[in-house]
Amino acid sequence: MKTLKSLGDVRGKTVLVRSDFNVPLDGDKITDDGRIRAALPTLTRLAEAGAKVLVMAHLGRPKGEPDPKFSLAPVAKRLGELLGQDVVLAADTVGEDAKKVAAALEEGQVALIENVRFDARETSKDDEERSALADEYAALADLYVSDGFGVVHRAQASVYDIAQKLPSAAGELVFKEIDSLSRATDNPERPYVVILGGSKVSDKLGVIKNLLEKADRLLIGGGMAFTFLKAQGYEVGSSLLEEDQIDTVKGYLKTAEERGVEIVLPVDVIVAPEFKADAPATVVDADAIPDDQMGLDIGPKSAELYASKIADAKTIVWNGPMGVFEFEAFSGGTKAVAQAMSDADGYTIVGGGDSAAAVRTLGFDEATFSHISTGGGASLEFLEGKELPGIAILED
Ligand code: ADP
Ligand code: MG
């Protein structure tokens, strides 16, 4: 993979950097600035080397046209605070204002263009459309740096096509992510344990198939646990359930048994009648979920069991909260897993936007984890052994 060094002297050059600033927002307030902080090493390194730094990123899911709700304005403000300089935000992505902002950049200065997903070509399936947009990005700069790890699994214009238009390299974040995640893919130290949870059930079920060939133990929590419990013949009330995946999951359970991979499921669950912070929470055994209740967290016995399965592992990967950690009453399972990882001697990787946010908002010291990935889908695809287009294009 080409690194920043390969770009040579960047002084006076305009460097277009793709970052991942897809931060959680509450109105126009950033509730977790982890991804912005993760982008700083590359931006400061380039700025200190005298580059004119033009950053591009996406935020949320605008529908391919400008939408003030998804403006990068809050990001520009926070980035400016963190960098200690005013960060100008262009009013458009590749229009007149972006050109003006790019042309006005001085050495060591950082500016932003507006949300790249304000242009439908950014995520187009049509190669020519993306290529045309990439030409417009390229016209703004001399060099390209790919540093938005959270999007490197997408063949999008600002991630993939642009790297074919300008001399390109991976930024510090992308480099560090690949370097760290490789600890789990290149001969991981064993036992290798993967903990999966969260709510993107069907997305993550596919991952399991691949992990069954790699991991020694799979601990299942969060929303997807209920499809597993159902596959084992338990009733799951009104919990998250992917009916059409039950047979697939039965297949996974069988494969796991044949391969000697241990799949650990919740033995107890915290249920509530509705999805609400103050809904009355009850602990029930996993085979006794009432019809009219939903499982919103793994129970205390499960939390203890999962912690014990993490403690002796040498490589530990966690993606997806164990429960609805945003609600205090349903945060215990996620806390227990985070604590067990933080205490473990093994190499610990946290992937997934919400999981990483959980670690921070639940008050854990990030330094007690070996690696907290900024990419959810990207880190999972990498761990599955898939080729990531945004990385492949940076090969030398
Ligand atoms: P990540 O971003 O770490 O990959 P996901 O986006 O897949 O994780 O899922 C995170 C969300 O999953 C959290 O907002 C959490 O509230 C939700 N969640 C976890 N367990 C459950 C559950 N049992 N029922 C409903 N939602 C859940
Ligand atoms: Mg998420």
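Going by the structure above, here's the rest.
No experiment lies behind these values; they were computed from the predicted model shown. (Residues numbered from 1 in each chain as written. Chains lettered and ligands numbered in written order. Predicted model: local features only at pLDDT ≥ 70, side-chain atom pairs only at ≥ 80, totals over all residues. Heavy atoms only, no water.)

Visitor: Quick rundown of the sheet that holds strand β12 (residues 268-272)? Include the residues and the values.
Guide: The antiparallel open sheet is built from three strands, whose spatial order is β13-β12-β14. Two strands in the sheet have a free side with no partner beyond their single neighbour: β13 (282-285) and β14 (294-298). Between one strand and the next, the sheet's axes are offset by a mean angle of 45°, whatever the strand orientation. Examined bridge by bridge, β12 and β14 share four bridges and lie antiparallel to one another. Residue pairing for β14: Val269 is matched across the bridge by Ile298. Strands in contact with helix α9 (residues 300-311) are β12, β13 and β14; relative to β14, the strand with the most contacts, it is inclined by about 40°. (Pairing = 2+ DSSP bridges. Helix = DSSP H or I, 4+ residues; strand = E, 2+ residues; numbered from the N terminus. Axes fitted to C-alpha atoms, helices over the stretch in contact; angles between N-to-C directions. Contact = heavy atoms within 4.5 Å.)

Visitor: Pulling in residues and values, what's your account of helix α12 (residues 377-384)?
Guide: Most of α12 is tucked away, with seven of its eight residues classed as buried. Looking one or two residues past α12, Gly385 carries a phi angle of roughly 90°, positive in sign. (Buried < 20%, exposed > 50% of the residue type's maximum accessible area, 1.4 Å probe, protein only.)

Visitor: Before we move on, could you go through the sheet that holds strand β15 (residues 315-319) and cite the residues and values that matter?
Guide: Reading across the sheet, the six strands line up as β11-β10-β9-β15-β16-β17 and stay open at both edges, with parallel pairing between neighbours. A strand with exactly one partner marks an edge of an open sheet, and here the two such strands are β11 (262-264) and β17 (371-372). Sheet topology places strand β10 (residues 217-220) next to β11; three bridges connect them, and they run parallel. Pairing of Leu218 across the sheet is with Ile263, part of β11. Here helix α10 (residues 332-343) sits on the sheet in contact with β9 (192-196), β15 and β16 (347-351), set at roughly 155° to β15.

Visitor: Let's hear about unusual backbone geometry: which residues, and what values?
Guide: Residue Pro191 follows Arg190 across a cis peptide bond; omega there is 0°. Considering the arrangement of structural elements, one finds Pro191 in the loop between α5 (172-185) and β9. Non-glycine residue Asn187 carries a positive phi angle of around 45°. With respect to the helices and strands, Asn187 occurs in the loop between α5 and β9. Given a relative accessible area of 74%, Asn187 falls into the exposed group.

Visitor: Hey, could you go over the pairing of β15 for me, with residue numbers and the actual values?
Guide: Of all the five residues making up β15, five are buried; the element is thus mostly covered by neighbouring parts of the structure. Burial of the side chains of β15 extends over both faces: Thr315, Val317 and Asn319 are buried on one face and Ile316 and Trp318 on the other. Bridge count between β9 and β15: five bridges; the pairing is parallel. Bridge pairing in β15 links Val194 to Val317.

Visitor: Please provide a residue-by-residue account of a positive patch on the surface, values included.
Guide: Together, Arg61, Lys125, Arg154 and Lys200 make up a positively charged patch on the protein surface. Positionally, Arg61 belongs in the loop between β4 (52-56) and α2 (73-83). Owing to a relative accessible area of 71%, Arg61 belongs among the exposed residues under this scheme. (Patch = residues over 30% accessible without salt bridge, like charges linked within 9 Å, V, L, I, M, F, W, Y side chains within 5 Å. Areas by Shrake-Rupley, 256 points an atom, 1.4 Å probe, with all protein chains shown as cover. Salt bridge = Lys/Arg side-chain N within 4 Å of Asp/Glu carboxyl O. Lys, Arg positive; Asp, Glu negative; His and termini not counted. Charge placed at Lys NZ, Arg CZ, Asp CG, Glu CD.)

Visitor: Before we move on, can you summarise the site of ligand 1 with the specific residues and values?
Guide: Neighbouring ligand 1 are 21 residues, the closest being Ser199, Lys204, Glu326, Asp354 and Ser355. A distance of 3.4 Å separates an oxygen atom of ligand 1 from a polar atom in the backbone of Gly353. Here an oxygen atom of ligand 1 and a side-chain polar atom of Asp354 are 2.8 Å apart. Relative to its unbound accessible area of 580 Å², ligand 1 is 91% covered by the protein chains. Where the shell around ligand 1 is concerned, the elements lending two or more residues are β14 and α11 (353-361). Here the residues of the shell around ligand 1 are counted per class, giving six nonpolar, 11 polar and four charged. (Near = heavy atom within 4 Å. Polar contact = N/O pair within 3.5 Å; in protein donor to acceptor, adjacent residues only side chain to side chain. Nonpolar A, V, L, I, M, F, W, Y, C, P; charged D, E, K, R; others polar.)

Visitor: Explain α11 residue by residue, including any values.
Guide: Those residues of α11 lying buried are Ser355, Ala356, Ala357, Ala358, Val359 and Arg360. Buried residues along α11 sit in contact with α1 (34-48), β15, α10, β16 and β17. Gly363, located one to two residues past α11, shows a positive phi value of around 90°.

Visitor: Tell me about the packing of aromatic side chains, and name the residues and values.
Guide: Taken as a whole and assessed by the stated rule, the structure comprises two aromatic pairs. For the pair Phe275 and Phe327, a centre-to-centre distance of 5.4 Å together with 65° between the ring planes defines the contact as edge-to-face. Here Phe275 is found in the loop between β12 and β13, whereas its partner Phe327 is found in the loop between β15 and α10, with 52 residues between them in sequence. On the accessibility criterion, Phe327 (17% relative accessible area) is buried. Taken together, a centroid distance of 6.4 Å and an interplanar angle of 80° make the contact between Phe364 and Phe369 edge-to-face. Looking at Arg183, its charged tip hangs above the ring of Tyr347, at a distance of 3.9 Å from the centre. (Phe/Tyr/Trp six-rings, centres within 6.5 Å; stacked < 30°, edge-to-face > 60°. Lys NZ or Arg CZ within 6 Å of the ring centre and 35° of its normal.)

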